[in-house]
Structure formats: structure tokens, C-alpha cells
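Working through the structure, step by step
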Amino acid sequence: MSAADVRKVSILGKESIHCGFHLVPYIVKTVTETLPSSTYVLVTDTNVGNLHLDTFQAEFDKAAGNARFLTYVVSPGETSKSREGKAEIEDFLLLSKCTRDTVILALGGGVIGDLVGFVAATFMRGVRFVQIPTTLLAMVDSSVGGKTAIDTPHGKNLIGAFWQPEYIFIDAAFLETLPAREFSNGMAEVVKTAAIWDEKEFAALELRAAEIFAAIQTPSSDYAGRTEATRSPAQQLLLSVIAGSIGVKAHIVTIDERETGLRNLVNFGHTIGHAIEAVLTPAMLHGECVSVGMILEAEVARQLGVLSQVAVGRLTRCLKAYNLPVSLSDPRIASLPAARSLSVARLLDIMKIDKKNSGPQKKIVILSRIGATYEQKATVVADSVIARTLSEAAKVIPAFPSKSPIRMATPGSKSISNRALLLAALATGTCRLKNLLHSDDTQVMMNALVELKGATFEWEDGGETLVVTGGGGSLAVPKDNKAVYLGNAGTAARFLTTVCTLVSAGTGEQRTVITGNARMKQRPIGPLVDALRANGSSIDYLESQGCLPLSIAPAGLKGAHIRLAASVSSQYVSSILLCAPYAAQPVTLELTGGQVISQPYIDMTIAMMKTFGIDVERVKDTESGKLLDVYRIPKGVYQNPAVYNIESDASSATYPLAIAAITGATCTITNIGSASLQGDARFAKEVLEPMGCTVVQTETETTVTGPPLGQLKAIGLVDMEPMTDAFLTASVLAAVATLPPSEERTLRDGSRPTTTRIIGIANQRVKECNRIKAMIDELAKFGVETLELDDGLEVYGKPLSELKEGVSVHCYDDHRVAMAFSVLGSVVKDTIIEEKRCVEKTWPNWWDDLSNKIGLEVEGVELPSVQGGLASASRPTEGPSEASVVVIGMRGSGKTFIGELAASALGWQFLDADVVFEQKHSIGVRDFVQKNGWPAFRAAETAILQELLAQHGQRHVLSLGGGIVETPDAREALKAYAKKGPVVHIIREIDEIITYLGEETARPAYGEPVIDVFTRRQPWFAECCNYEFVNYTGVLSSTDTLAEDDSKTAPSTLSVRDEVSRFFNHITAQRPNYAPNLAKGRRSYFLCLTYPDITPALPHIQEMTAGVDAVELRVDLLRSPKDFDKLGPYIPPTAYVSNQVAALRHKTTLPIIFTVRTVSQGGQFPDHAEKEAFELFIAAVRLGIEYIDIEISWSEENILDLIARKGQSKIIASWHDWSGNMRWDDKPVEAKYRVAHEYGDIVKIVGKADGIEDNFALHQFVLRAQAGPDAKPIIAINMGVEGQMSRILNSTFSPVTHPLLPNKAAPGQLSFAQIQTALHLLGQLPAKRFFLFGTPIAHSMSPTLHNTAFEALGLPHKYELFETESVGEEIKAAITLPTFGGASVTIPFKRDIMPLLDSLSPDAEAIGAVNTVVPVTREDGSTMLYGENTDWRGITQSIRRSLPPSVLKPEAGLIIGAGGTSRAAIYALWKLGVPTVYLFNRTKSSAEALVDAFPDVTIKLVEELGKWPDNGPAPTVIISTVPASATSLEPLVNDSIFLRSSILSAPGGVVIDMAYKPAETPLLVLAKNVGKEWRTVKGVEVLLEQGYHQFHLWTGRHCPKKIVADRVWRAYSMSA
Ligand SMILES: NC(=O)c1ccc[n+]([C@@H]2O[C@H](COP(=O)([O-])OP(=O)(O)OC[C@H]3O[C@@H](n4cnc5c(N)ncnc54)[C@H](O)[C@@H]3O)[C@@H](O)[C@H]2O)c1
Ligand SMILES: [Zn+2]
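The name recorded for the protein chain in an unreviewed UniProt entry is Pentafunctional AROM polypeptide, from Lentinus brumalis. Under the UniProt heading Subcellular location (unreviewed entry), the entry covering the protein chain gives this text: "Cytoplasm". Heading Subunit (unreviewed entry) of the UniProt record for the protein chain holds this comment: "Homodimer."

Next up, the structure:
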């Protein structure tokens, strides 16, 4: 059974590579006989194992004798090639007691080969191993050379060794089970090897792609191929290709095993390819990226002038033939989200760290021709050269062409190339075709002619010359009835259809089949087939009538009279003409159907036939002598001329000639002259000469010399019908032609003197683009005026100096537009040609020829990214913006109130447009309207809007009148402004507005029902704004804050100030409201709200959110009350959602995560309601939501659009696998990660755990992800109870539940406190000790405060009293404990502690006292002690929370007392922006000391309470810092301070008494008695507020305020 014919290739002096088919028995026999051992271990992956392991097992069972045969199977994919993967195999080997004599067999692709090879290299310091590659890539590349490696999170293949296998068995039969894409992947390396080393091999690959594919696609039966006798030709070909490729690699490796020089060559395509791969992996495979890399590197070589375009073209077509991508715009690449990161800069950056480079210089293998390289190693290439190749746009640097006088040939004409190739193939003898334009058509025709055995082809001069050995017209049906595949090559299909009828009758039923790709199967061929059928040929349509594929009987062409409808395509005519000499009888071809299309091409065919020895006669009418559409073709055989020089493309030639004309240089095109067959050859004589150029034309050459720069003449009228393609070139010249035309050309119809009127080119409207329109639009960018005509255009010349510079020309993917404007770019500075690659259609190396042959420098230009160009409803700005905020909304919506609060929160100026209006017009709005009417008012109002935006565009909050949106001009101005700054629509319920307006009279009455006005303006407000602030019902009513006044609990209602501050600071990015723990890399959490309506839960929000960093609103679970009973998928109305958000905002300023989870991702939102989902997302952006969770399964288009509009919102890109099939160490999850990483600011991946080890896999995954260079925060979680571990260890935004919630958002969810406890038990959260330093402190509430909070959050810490007499050794010892978590400092140590600390906060420094010590871990792991003061924060927070709405901005504040606490009080008032601080203290000197201590604060000393210095305003904030016992409500009591009621003469304000005891101090009693608008704050409340802050500083967690406050108040009242 083991008898097999193998082909051996030697490497490093040993014949250790054995190639063949179905080799398993042979392999086992060879291994067991020549590598004797006690143990053989075969390692493979599950894919390969499932297919092939049994066969190996069976053979070993037969052969091994006493030896053990062990197998180990790993999961497939790159992730197995890891340290863990290696360790697993090693553990297996050790457990299995493997020893030094073990032989390891690596059965699989490159992953297995690299991994197992590395195991073998290090196991027991190296054991023998055998490579049995099963992918093509592994066969030809990774298994050969002895390189082994594994990946680390830092990069691929970073750890490894050179370790040569004993054998490499190439069993090509394995390829039969390999997926086609993997086969192509390997072919990239095969093509690469041939390209650098072996031109013959390359030619075979080029010609025989289809056969090679066929060899793996048809499975061989009965072990066919094992012996040479049973090997099919396809198998033979495949084997020789593989062996050939291996041979080259083996040769190179043998010469240079350790990759010092020559071995570098195999890196052709890899320098750029690897950079691409780094961005696109794993979506694109290595070979696919290398394929693109090869083309780009070949283009670099071409740019350097080393490689010809012919070679680049051949390489391109060859790779394409193996289904490989050849450019970054390939749809397989361009459609990937990651492709957007393929910027030139990024690729160059990645290349910089490539290990193939030496230092920062980039090395690229430069091809000099197919089969050879420029140097015997990689060549250093400048960044600018690579950048030019990679960038999508180009710029010509204006100059006089340095190569003038220029001599060049332009690429061969396509039509002539196609004809010449076919003629030479049908002729006898050998012909050398020069300047052939190598295109899809020529490639396909060459392949087909080889298959039809009609000719043979060979390249000479490094691909510059094609040597055709003609078959004299003898053709045969392709072997095995194989269909001839023509792709989408149209000319080839038409020419070859007739060629196939020439095939001579063979044996049996064989017919020739020609087919093409899907597009080809729609292109018409009917008229030609009809003509041939009518002439007796048997042609069948195999699919649709009138199109390919065709089945053609080999019966020869009958000839005689052939009638052809020739009004569709001249190519049908040429097809018959070219083949006609080989018909059985001389042909008379009669063209029917009237108008014959494109006569010049028919003439071209006839002229070329003559060159190859056949004279066609065009019949004349005997009477009139008129030429008829009838041709007589004699029988005969074409004779090959020794050399045929293919004429240059005349349209292409117009560009270099035009450059000569425009710059004043001289240019000679060497193979186009007066004898040319092409119409565009007339361009020089008929366009350039009249423009003032000197033109010299011989039969075969054309030379043009331009006039001096700026002296071109306009042409007047020119009919370009014979050379329509050249009109674009003429237009750009006309644009700068400023001298009048010669006398006889001057237009006499009153046209401008610099007019060039081009006519006869109407057909150019239906070319690659509407070229007339394109020229008009693009010339306009330069400031050139034009006029469109029915069949052309007029261009009015303009002096060069007046043309606009820096124009970016859009090319409409049209090569001619690009080339024409590069002519203009050679004289107009900084002209950017946007799509430089579109020249590939006819002149791929145009840019290179511009620099290398013409002598103009070309630079690559990277265009701004597409995303930046997208229009967006919301500002996509990053970072803080100082752009003013515009506030709009209905009258009565609260614009002024909210606007003023916003201005104060931002520290910006507030401006009310109405006030500005009255100042400007010296008349009230109401009077103005009465006097001048509404229209005049609206106009004046719009003018003011424009002024405001122009003059106060920065650091202002501008509140506009409600009717501003009534005029279109104002709306446009607002919309335009919304592109750069926030326009906020204040939304308030209409009923409330109506109630409110009942009282207000300042603005003119509507004169129509408010509700109608409201309805009309709503859409306008919506369209003009980019943000919406919901002025939530009830928040403004004063009862809200009143209710707390007496509360013994923490505030349950958030002050509207906090929400205004959050919202405006967030949307302006002044202080964005993101979770700080996230940025710091600390553990962060969010609470999932799973209510259909969250309002009933609002009272508990404070409690439930304790400790967490954000709240998640599960929007898909929301149900508006009327739909509560609806089951199943549901779309909540947007208005309901925004109301819910507003309600939540009313209770918490924590960031909101806005989540819409679909049914298939475990939620309730319908899977296909994509439009509605994105409407909700956009609404979220407008509401200033901090985080939006989007599923990556939504369409890319919508996601990208959202990203472009996301404003300050961050995107969490998430993927949920509910199937339970996702494995964290598998490829699919990596792909999901890549996509999520691309879209999201945060990545979220959720799987399902079946066992605890799934959590370890998850953890490894996260570590790998986090080690990446551009890692983003990742939320990675396993659902289910088995996944709880992952919820504990996840560190970014772990979702948590709370016992008070109705149900968990996901199975296995834990509470915040549970997670903390678990982390502690796992050793991830060590217990810390906290202290209170001071004396006397026995009655302090601080331990109750902090210990309650620790307990509530599940934190293991302890807070203790630490009473000492002085700041001495004991305190020093405490703060240096390793478990020290922080300390509060109270009287009398607030200043004494300062010398022990490493640094102070600016606040503590300014106040001159520390009440909080925070240990901070430095980057090096050491601890630093940081001093902070939270007293002042307690005071400001109490003031902000309690200040009645009537006191928006306190004018003055009073502080009673001048002790330590008053320092914090002064600072608090200053921080709040209170302009004047009154200070009362009985001892004047200590009061004066404070004045000196705060030079920045305006402090005025008060002699007598109630009498304010300088007749200043009465204070609206009063803070007492003296003991309660030192104050009295009666005059002259015990020497105490008399608090007379006149100190509360302001209508309202806040009174704070810092004294703890008694609860009701005289001052507070006074304030209560005085009146309604005065609020009071007790000392304990300030203590609580500062304590919350302290707690946050120590733990990074929000204090559970309600629980803490409840407990503290209880303890306080008990102690009182
Ligand atoms: N050492 C070197 O010199 C060298 C050179 C190039 C590449 N590499 C490495 O090779 C690896 C890539 O190798 P690869 O492309 O072979 O990938 P691979 O090993 O991952 O195989 C590709 C896929 O095909 C499957 N497969 C393999 N053989 C099969 C068969 N006969 N039938 C059906 N399925 C089959 C595999 O299970 C896998 O899913 C990379 O890790 C790369 O770094 C190494
Ligand atoms: Zn490679």
C-alpha cells in the first residue's frame, strides 16, 4: 500500500522534502522505519483531525509495532499559537511521559507547524519532528525553512526558534479538503516565489490558473495520483507548481538559513503586506494581504523606474486569476470597518516597527522584472516613495519639465494590442510584439489560445516583448471539454466567438464552450452568433439567449456570403474579418442594418490584416463609385512579421503633448505620427498647433514645443468629432489660453476673445461619467468660466495668475479627467487629483512616467477622512469647546432660568436676546411690535441673532426669543451654527407653559392659541437644535426644595442646578460627565434599570446606585403606560423615552448608558426595526446621554452615521452571544472584537459560560485584548451562573443589579456589594484602615458615616477613632501602615498635619488647612500622602442644594466668626462666585488676619450685624462658624452675639450653622421664623456632605447617601 511515487526536494543538503499524493501510508512507513522511537506524537487541529486523523491512526496501528502512537488535537486558529497553547501540548507530553527520543508529527496548517515546531525545538532541549502541512500556505511556505514561533499579545511570531524538521511530507491530496479561500491564500506565496525567482514558473501560473484550481476542486478517487501512472495532468501540474515553489524556497534557505540577506527576498510583498495585515487581521488572511502588498511593492519598484508597467500588469492579473485581492479598494477589503484605519500614516507607522527593517529605514524587495529582483536583498526605500504609492490622491509640483526635450512612447493602444495578438496567433511564424498593452482582454485571449492550442507565448526582455509563435490557424477543442473562461473581457469574447468556429472537426461529440463571469453572461453577442449560425456554424446558447456561455461545434467556418447586422458593435465586424481568411470559401461580408458604427475601427482591422499579409477589398458601387458596406476577404494564411511595434495610444499621447504645450517644453511621442490609424493622433496638428505650439509630425513621430508659459492662444471654434476623447485635454489648455485666436479662427458672433468652443463631442456625456459636466464643474473650482453647449462646451481662457490654487479635483473615477487635470496641475500650484488610481484603466504608470519620463515631481496626498466630511446633526467635536451655547424654545419653557444657571455653571456670560434687543432699539419688544408690526420685529430679531453669533460666539450662553424659528433666515442661521456649537432646545410640557404664560406679560401676546403656536414651532425647534434639555415637570416648583428643608435624610431630589450643570458641562465638553473610574482604569460598574417605567423606582435610585459609576437605561424594556400589557417585541415611543431620561436625570447625575437590546441579543426590541433603533440613538445623543450601547450587528451604514453624529456621547459597541457556542479562544470572537473595537469607544462582548474554565478563557482573551497597542476599555462577561466569576473579575463597567430591582437584567447578575465582597475574598480587594485624627472626638459622627458606607457597599474596610494629644509618632506610624486607607483630620490638627504630607490640593493650600488625607499610589508603586480639604465642599454643596430658585446668584454672603472653619467658608463663597463676603468677628484682629489670607476675595468687615458696609446688598448666604452657645436671639445675653432679624433682610437665602449641637441653633430658629424663602442647613448636614466627598476621595465610589444619612441622623438624635 505504501508504494507511492514521491518527488524529493533537497534542503540544507538533505532530500528531506517528499512530495506526492495520498502519502499517509508512505509517511507512516518512512517515519517509523527511519526515525525509530518508542513514542510518536501527532498533533493536529480539530478541522484537520476530523478529516484525516483516522487514516493516520489506522496506518500507525498497522506499522508501529511496539511504539506508542499518541495524538493531541488543539482548536483551530491563530489563537492556539500562544504561550498557553504551547504549554498545553508540553503538559500533555510530560504527562504522557514522553522522552528525548519522542518524534512529534505536526499535521495541519501553518499554525500547527509553527506551534508544534516550537514545542519540538524546546521540549527536552529539542526533539525530532516531522512537518505534514495540510494547507497550501504551509506546504510552500511555513513548513519549509525551519522557522517556528508562537504569538504573544505584543505581536505575532515574536517568540520562536529555528528548528529543522526531519522530513516535510507534502501530500497534495490534503488540498482537496481545503477551503478555496485558504487555497488562494497559499497561492499568493506561490506567485510571490515565482515572481522573485523564476519567470518560467510565473508564466505557467499565469496561463494555467484555471487548471490549477481544477486540480484541487475535483476530488481524486481511488488514491489517484499516488503513483505516477494514476496521476492526472492537473495533478501533475499542481505538484510541479508546489514542488517548484518549494524548490525555490529550499534553495534560498539552504544558501541563507538564518535570514541574513538572500532569504530576505521571500519577503517580497510582505513589508507593506504585513502592515495591511496588522490592520485587517483576522478578517483578511495573510496571503490576501501579501497579495495587495506585492502589487503595492511592485508599484514602488515601478515608481523608482526599476520595474516596467508590463510586469506590474502581469503580476496583477496573475494574482487576480487566483481570486486574490490586488488593491485596497477591493470590495472584500473596502467593506470591512477596519479598512477605514488603513491610512498612509498608520501603515507607515506599522512598517516602522517591522522586524524586517534595520532601524527606522524601510526595506522592500524591489522587483526588476518578473523572475528577478533589483538587489539580492531587500532595498531601502524612502518613506515619501512608499507614501506616494499608498496615498489615494496625487499632486504634481508645477515646474518646467526637467526631461525636456522629452522623448517617450505612451502605452500601447488597446485596440491595436488586441488585434495584433490575435493576428500573430493565427499567423505562421514567430512575431515579437512590442509595446503591447497588457490588459484583461490580452490575458484572456492568450489563455484561450493556449487552451485551443492555437499558439504559444513567451515573454522576453523582462516582459517588454511578447514572443508569439502562431499556429497558422489550426485550433483544437480544449482537453476534457474544458470551458474556456473569459472573465469579463468583452473584446476577447467577441473576437474569440468566431475564432472558435475555426476549430477543426475532431473526434466524437466534442464542442468548444466559452463562458465568463456573471457580468459577461449579460453582455450581448446575439448579432454575431446569428450571422455565424446563418452561415452554417452550430452555436448553442447554454444559458440566456443572446449571451455567453456558448457551445460551438468544431466544424470550421464555411464562409462565402456572411451577412451581419453592424449597427451595434464594430467588434462583431472585426471578429469576422480577422477569421475570414481561414473560412472554407472566400468570404464576402455584408454589413446590414443601415448606419455602421465606428468605421475607423473597421478600417484599423483591415489595415492591420494587410500588415499580416491579407488584403481586404471594400466593394464600391460600380456606378457611383461610392464605398459600400461590403468586404471581400480572400482565403489565406497570415504571415508573421518578425517584429510588430504596437502604436501608442493616441488619446494618452495628448497628455504629455499638452504638458509641453502648457509649460513651454518640447515633447516627442516616438510611435505616433501622421500615418497613425487613430483619430486622436490629429490632436497635435488640429488643436495644439492653432494654440500656438510648434508641431513637427513625421509618419511615425510627433513633436510638440509649447509657447512660453502663459502664451497659449484660444482656438475659437474646433470640431473634435474625430478625436472626442481628447476634448478634456483641450479644455484644460483652453482654460489658460489667454491670447486671441489667429485671424481666420476668430469667432465673429460677439464671443469673448479668449473663447475656445469645442463641438462634436456630445457622446462624451455618456462615457465613464458625464465628461462635459465634469469638466465644467472641476474647471469652475479653478475660477475658470465655461458654457455648456448641446454638443460641447465653451471655455473662456483666464491668465494663469488668476487661477485658484489648492484646488482638489474630483475625478469621477474617470482616467481622462484625472490625466487632463494633472496637465493643469503642472502649472497651477497645489492642485490635488483626488483619485489617482483611476488612471489605471489606460495608463497605470502615468504618475511614474510624469516624474521619470517627463520630469515633473509628483507627491502623494492623503485626503481628509470620509467621516470628517459627513454632515452631522450634532457636533462631533472632541475635547472642550468654547463655542457659545444657544438656547431656544417656547416662551415660558424656562430658557432664561436654565440659560442663566447654565452660564453660571460654565462660568460664562449670559445674554438674553430680548434684553439685547431693547438695548439696541431703545424700545421694548412689545412696543416695537405694536409700532412696526410682526414682520419688522422678526427681521430685527434675526439681525440680532446674527450679531450675537458673530460677536459673542465664544463663552456665552445666548437665550433667544421663542419666535426666532418663525423665519427661514433665522432657522438657517441656527442650523449653520449647530454645526459648530450647541443649540439647545428647552423642552417643557405645554400645559405647564400655558399656566406659566398666564402670568407673564413682558412679551407680545400670541394673538392665537398657544397650543397652535406650539404645534407649528415644534418641528422647527427640532430641526434647528442639536441638543434637547427637558425641563422636567416639577423640578422648577419651589416646593421641591422646600420639602427637604426639614429633612433628616439626605436629599432625595437633585437640585435642578446639578442637572443643568451636568448637561451643559457635558455637551460643551467643559467637564464631560463620563465615569472617572473608567478613565483611571479602576474597576467600574453600572446599575441596570429593568423597569418598564422607572418613575416608581425614583425614590430608591440614590440607594440603588450606591457605589456604581453609571446607570443603564434598558430602553428596550421601557413600556409606555398604555402599552404595559403588550407582550413581545416592542418599540417605545421616543417622547416616552426622553421623558424617562428626564425623570432619571431628576434623581441622579451619574452617566447614563442608553441601551436598546434586540430580541436576538437577549432584549425586547424587534430585531429588524433598525430605523427606529437609530432614531432612538440619535435622540439619546441630543439628550446629552453619556454612553450609547449599540449592537455591532446593526448595519455598518447606520452605525457609521451615528458615530459621525455622536457629539459627546461615547459608543459602547456590543456583541452578545446567546447561542452558547462562542468560545473565547476561537476566531469568531476575535472577529467580533475587531468590529466592536472599530466602532466603539468601549467594547462589550458577552458570552455564556458552561463551566468555570470558560471564565479563565475569557480572562485570557481580555488580557490579550488589553495588551494590544490601541486597546480600548472592554466589558467581557459570561452569562449564566457559571459565568458569575467573570462578572466579579470584569473591570470595565460591570453590570450590577440591586436587591430593590424587580428582576435582573441578565442571568447571573450580582449586586455591587456582592462583587466587592467576592473581590475581597479572592484577594483582589484588601481591607484598609481609616482613622480620624483629633481631640476630643469621642462623639464624632464620622465613624458611623464611613463604616455605614463601607458596609453598604460590601467594602471590607474599617474606620476608627484615633485620639491623640499632638501630631506625633503615633500618627506618623498610622499613616505609614501598609493598610492605611486614609484619614479625616479635625480640630486641632488641620494645620499640624500638613508637614507630614507629600503634597496638598490647591484647595487645601488656599484654605491653609487639611481635613482629609488620601494615600495615592504612584506609578512606581510607592505611596504618596495627599492632603485635601472637603470642608469647603460640604459648605458649597449645602448652599447649592438649598438655595431657593429666587436667588439665582448670591450677591453677598455673611460669615460669622473668624476661626479655622471660617477659612473654609470664605473659600466656599469665593468658589461659588459670591462677589462680596461680609465677615463678622468680635475680635477684629483675627478677622483682619483672614482678610490678608485671602487677597483674591473681596472681604468686608462688618461692625454691627444687620448693617452692611458701603450700603452693600443684604447677604443671601449666611454661615455661622461660632459655637451655638456664643449666639443669642436676645440682645446682651451673656456676652453672646446678638442675632437680630435684620440680618435676614433679603427676601430669601440660605442659613448654615456649622455648630453640631444643639440641632436647632438660635440662628436656625431665627431663619425659620423669618420666612418662607429662607432655607436652613444644620451642621450635621455639612458634615455629611463633606463626608460623602471624603469617602469618594478614598474609595473612588459614590457614598450611599441615603443609608448613611439615615444612620447618622439616628445616631445623632440618640446622642443629643
Ligand atoms: N514559519 C514560517 O516560516 C511561516 C511562514 C508563513 C506563515 N506562517 C504562519 O502560518 C500560520 C498560517 O498558516 P495557515 O494559513 O496554514 O493557517 P491555519 O493553520 O490556521 O489553517 C487555516 C485553516 O484551514 C484549516 N485546514 C488546514 N488544513 C486543512 C485541510 N487540509 N482541509 C480542511 N481544512 C484545513 C485549519 O484548521 C484552519 O482552520 C500563521 O500563524 C503564520 O504566522 C509561518
Ligand atoms: Zn508570507
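**Topic: the overall build of the protein chain**
When its secondary structure is counted, the protein chain shows 54 helices and 64 strands. Across the 1616 residues of the protein chain, 59% fall into the buried class. Pairs at least 24 apart in sequence give 76% of the contacts found in the protein chain among residues at least 6 apart. If you sum the accessible surface of the protein chain, you get close to 61700 Å²; carbon and sulfur atoms cover 53% of it. Averaging the coordinates of the 156 positive side-chain charges in the protein chain and doing the same for the 178 negative ones gives two points 1 Å apart.

**Considering the sheet that holds strand β18 (residues 465-470)**
Ordered in space as β17-β18-β16-β27, the four strands form an open sheet in which the pairing is mixed. In this open sheet, the two strands that pair with only one neighbour each are β17 (455-460) and β27 (643-645). The average undirected angle you get between the axes of adjacent strands in this sheet is 25°. Looking at chain direction, strand β16 (residues 430-434) and β27 are connected through three bridges and run parallel. Bridge assignment links leucine 433 to a residue of β27, and that residue is tyrosine 644.

**Focus: the coordination of the zinc ion (ligand 2)**
For the zinc ion (ligand 2), the full set of protein donor atoms is Glu189 (OE), His270 (NE2) and His286 (NE2), at a range of 2.0 to 2.1 Å. Site description for the zinc ion (ligand 2): donor spacing in sequence, E-x80-H-x15-H. Within this pair, whereas glutamate 189 is found in helix α6 (residues 180-197), its partner histidine 286 is found in helix α11 (residues 286-303), the two being separated by 97 residues in sequence. With respect to class, glutamate 189 is no different from histidine 286; both count as buried.

**Thoughts on the packing of aromatic side chains**
Any two aromatic rings considered together are summarised by their centre-to-centre distance and by the angle between their planes. Tallying each qualifying case throughout the model produces 41 aromatic pairs. Consider the rings of tyrosine 655 and tryptophan 846, whose centres lie 6.0 Å apart with planes at 65°: the pair is edge-to-face. With tyrosine 655 in helix α22 (residues 650-663) and tryptophan 846 in helix α27 (residues 846-854), this residue pair connects regions lying 191 residues apart in the sequence. In this structure, tyrosine 655 and tryptophan 846 share a single accessibility class: buried. Taken together, the ring pairs in this structure connect Phe1330, Phe1350, Tyr1359, Phe1591 and Trp1594 into an aromatic cluster. Taking NZ or CZ as reference, arginine 971 lies 4.3 Å from the ring centre of tryptophan 1020, over its face. A cation over an aromatic ring shows up here: lysine 1210 above the ring of tyrosine 1074, its NZ or CZ 4.7 Å from the ring centre.

**Structural notes on the sheet that holds strand β21 (residues 539-541)**
Working definition: the strands of a sheet are paired by backbone hydrogen bonds and lie parallel or antiparallel to each other. Strand order in the open sheet formed by four strands is β19-β20-β22-β21, with mixed pairing between adjacent strands. At either margin of the open sheet sits one strand with a lone partner, and together these are β19 (484-485) and β21. Relative to strand β22 (residues 550-552), β21 runs antiparallel, the two being bridged by three bridges. Bridging across to β22, aspartate 540 finds its partner in serine 551. Helix α19 (residues 526-534) rests against β21 and β22 of the sheet, and its axis sits at about 145° to β21.

**Some points on the side chain of serine 220**
Here serine 220 shows up in the loop between α8 (209-217) and α9 (233-255). Overall, the relative accessible area of 18% leaves serine 220 in the buried class. Polar contacts involving the side chain of serine 220 include one to the side chain of histidine 22, which spans 2.9 Å. A polar contact is formed between the side chain of serine 220 and the side chain of glutamate 176, at a distance of 2.7 Å. Setting aside anything within four residues of it in sequence, one finds serine 220 in contact with His22, Glu176 and Gln235.

**Section: the packing of helix α24 (residues 727-735) against helix α26 (residues 815-825)**
Their axes nearest at 9 Å, the elements α24 and α26 cross at an angle of 25°. When the interaxial angle is binned, α24 and α26 end up roughly parallel. Judged by the twist between their axes, the crossing of α24 over α26 is right-handed. Note on element contacts: α26 touches α24 through Arg816, Val817, Ala820, Phe821, Val823 and Leu824, opposite Leu728, Thr729, Val732 and Leu733. The class makeup of the residues in the contact of α24 with α26 is eight nonpolar, one polar and one charged.

**Observations regarding the pairing of strand β28 (residues 666-669)**
Burial of β28 is two-sided: the residues Thr666 and Thr668 facing one way and the residues Cys667 and Ile669 facing the other way are all buried. In this sheet, β28 lies alongside strand β15 (residues 406-408) in parallel orientation, the contact comprising three bridges. If you follow isoleucine 406 over to β28, its bridge partner there is cysteine 667.

**Description of the UniProt feature "binding site: ATP" (unreviewed entry) in the protein chain**
Within this numbering scheme, the UniProt entry marks Gly889, Met890, Arg891, Gly892, Ser893, Gly894, Lys895 and Thr896 as carrying the feature "binding site: ATP" (unreviewed entry). Here glycine 889 is to be found in the loop between β38 (885-888) and α29 (895-906). The exposure class of glycine 889 is buried, given its relative accessible area of 0%. With sequence-adjacent residues up to four places away left out, glycine 889 is seen in contact with Lys895, Gly962, His985, Ile986 and Phe1021. On the secondary structure map, serine 893 appears in the loop between β38 and α29. Beyond its immediate chain neighbours, meaning those up to four positions away, serine 893 contacts Ile986, Arg988, Ile993 and Asn1031. At a separation of 2.7 Å, a polar atom in the side chain of serine 893 contacts the main-chain carbonyl oxygen of methionine 890.

**A few points about helix α3 (residues 83-95)**
Here α3 is 13 residues long and its end C-alpha atoms lie 18 Å apart, about the 18 Å a rise of 1.5 Å per residue gives. Listed in full, the buried residues belonging to α3 are Gly85, Lys86, Ile89, Glu90, Phe92 and Leu93. Looking down the long axis of α3, one finds its buried residues gathered within 155° of arc, a one-sided arrangement. In this structure, the buried residues of α3 make contact with β3 (39-45), β4 (68-74), β5 (103-108), α4 (110-122) and β7 (147-152). Positioned one or two residues after α3, lysine 97 has a phi angle of 60°, which is positive.

**What about the site of ligand 1?**
Around ligand 1 sit 25 residues, and of these Asp45, Lys81, Gly110, Thr134 and Thr135 come closest. Between ligand 1 and aspartate 45 there is a distance of 2.6 Å, counted from an oxygen atom to a side-chain nitrogen or oxygen. A distance of 3.0 Å is found between a nitrogen atom of ligand 1 and a backbone nitrogen or oxygen belonging to lysine 147. Considered on its own, ligand 1 offers 860 Å² of accessible surface; in the complex 89% of this is hidden by protein. Among the secondary structure elements, those contributing two or more residues to the shell around ligand 1 are α2 (46-63), α4, α5 (136-142), β8 (155-162) and α6. For the shell around ligand 1, a count of residues per class yields eight nonpolar, nine polar and eight charged.

Conventions we followed
- Each residue is numbered by its place in its chain's sequence as written, counting from 1.
- Written order decides the labels, with chains lettered from A and ligands numbered from 1.
- Under the rules for a predicted model, residues below a pLDDT of 70 receive no local features and side-chain atom pairs below 80 are neither given nor counted, while totals for whole chains, interfaces and linings still include all residues.
- Where side-chain values are given, they derive from all heavy atoms of the structure, hydrogens and water being excluded.
- UniProt positions are given in the numbering used here, feature names are shortened, and annotations may be inferred rather than shown by experiment.
- Put simply, DSSP marks the helices as runs of H or I at least four residues long and the strands as runs of E at least two long, and each gets a number from the N terminus on.
- Partly exposed residues are those whose accessible area sits between 20% and 50% of the maximum for their type, while under 20% is buried and over 50% is exposed, using a 1.4 Å probe and protein chains only.
- In what follows, a contact means two residues having at least one pair of non-hydrogen atoms within 4.5 Å.
- Here, Shrake-Rupley sampling with a 1.4 Å probe gives the accessible areas, and only protein chains in the shown set may cover a residue.
- In this tally, Asp and Glu contribute negative charge and Lys and Arg positive charge; neither His nor the terminal groups of the chain are included.
- Charge positions are represented by NZ for Lys, CZ for Arg, CG for Asp and CD for Glu.
- A pair of strands is labelled paired if DSSP reports no fewer than 2 bridges between them.
- All axes are obtained by fitting lines to C-alpha atoms, using only the stretch in contact for helices, and the reported angles, taken between N-to-C directions, cover 0 to 180 degrees.
- Coordinating donors are taken to be N, O and S atoms lying within 2.8 Å of the metal, or within 3.2 Å when the metal is Na, K or Ca; because water is excluded from the atom set, some sites may appear incomplete.
- Two aromatic rings from Phe, Tyr or Trp, using only the six-membered ring of Trp, form a pair when their centres are within 6.5 Å; if the ring planes differ by under 30 degrees the pair is stacked, by over 60 it is edge-to-face, and anything between is tilted.
- Comment: the charge-over-ring label is applied if NZ (Lys) or CZ (Arg) is within 6 Å of the ring centre and within 35 degrees of the ring normal.
- Counting of polar contacts relies on pairs of N or O atoms within 3.5 Å, with two restrictions inside protein: one atom must be capable of donating a hydrogen and the other of accepting it, and residues adjacent in sequence are counted only when both atoms are side-chain atoms.
- For classification purposes, an angle smaller than 35 degrees is called roughly parallel, one larger than 145 roughly antiparallel, one from 65 to 115 roughly perpendicular, and anything else oblique.
- Crossing handedness: left-handed means the near helix sits turned counterclockwise from the far one by under a right angle, and right-handed means the same turn made clockwise.
- When residues are grouped by polarity, Ala, Val, Leu, Ile, Met, Phe, Trp, Tyr, Cys and Pro land in nonpolar, Asp, Glu, Lys and Arg in charged, and all others, Gly among them, in polar.
- Helix span, as expected, comes to 1.5 Å for every residue beyond the first.
- Throughout, the arc means that of the directions going from the helix axis to the C-beta atoms.
- A molecule or strand has a residue near it when one of that residue's heavy atoms lies within 4 Å.

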